[in-house]
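One letter stands for each residue in the lines below.
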Amino acid sequence: MRPFTLSELSKRIKDGASQVKEFSDFLDYFYGQQTKAEMSACFADEPSQMPDARLDALFGACAEYLARRYQLSSLPKWAFQEQRYLKEPWFTTTGGDQMQEYLVFSSPAEFRSLNIFTEAAPF
């Protein structure tokens, strides 16, 4: 069964489920929604705080990115809370200074603002 909300996704990950599988399942569910209201409902409830601050930031970036990309009526306020911002950059891949420079340049703005640098557009 796929997680229907980021809140549900956070609970599953906290319970030990695979981060990659659960995020993939959530995105499959999100992309299958027919209306903007259904999409917005996926972000309505704030995800629980995670033991890994990088995941807190990732939840915020995911919600902001998808809400902007699909021009949803509002951005979830919880995505901009202080705990959603990393103090140190998180690069999702290795490769040295040149790779990090490229990732800073090419990552979506919503991920850059939270200090998450991704190998490719995550969605």
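A.B. asks: So what exactly am I meant to see when it comes to unusual backbone geometry here?
C.D. replies: Excluding glycine, residues mostly have negative phi values, and the peptide bonds linking residues are mostly trans. Positive phi outside glycine occurs at glutamine 71, with the angle close to 50 degrees. Within the secondary structure, glutamine 71 is located in the loop between α4 (53-69) and β1 (90-91). Since its relative accessible area comes to 59%, glutamine 71 is described here as exposed.

A.B. asks: Got a minute to help me understand the side chain of aspartate 25 in this structure?
C.D. replies: Topologically, aspartate 25 is positioned in helix α2 (residues 19-31). We classify aspartate 25 as buried; its relative accessible area is 14%. Side chain to side chain, aspartate 25 and lysine 21 meet in a polar contact 2.6 Å long. Excluding anything up to four places from it in sequence, aspartate 25 contacts Arg2 and Pro3.

A.B. asks: Help me understand the state of the cysteines in this model?
C.D. replies: Here a disulfide denotes one covalent bond, and it connects the sulfur atoms of two cysteines. One pass over the structure, following the stated rule, counts zero disulfides. Looking at the unpaired cysteine 42, the closest cysteine sulfur is the one in cysteine 62, lying at 9.5 Å.

A.B. asks: What's the story with the packing of aromatic side chains in this structure? I'm lost.
C.D. replies: Two descriptors summarise a pair of aromatic rings, namely the distance from one centre to the other and the angle between the planes of the rings. Taken as a whole and assessed by the stated rule, the structure comprises nine aromatic pairs. Pairwise contacts between aromatic rings join Phe26, Phe30, Tyr31, Phe43 and Tyr70 into one cluster.

The rules behind the values
- Residues numbered from 1 in each chain as written.
- Predicted model: local features only at pLDDT ≥ 70, side-chain atom pairs only at ≥ 80, totals over all residues.
- Heavy atoms only, no water.
- Helix = DSSP H or I, 4+ residues; strand = E, 2+ residues; numbered from the N terminus.
- Buried < 20%, exposed > 50% of the residue type's maximum accessible area, 1.4 Å probe, protein only.
- Polar contact = N/O pair within 3.5 Å; in protein donor to acceptor, adjacent residues only side chain to side chain.
- Contact = heavy atoms within 4.5 Å.
- Disulfide = S-S within 2.5 Å.
- Phe/Tyr/Trp six-rings, centres within 6.5 Å; stacked < 30°, edge-to-face > 60°.

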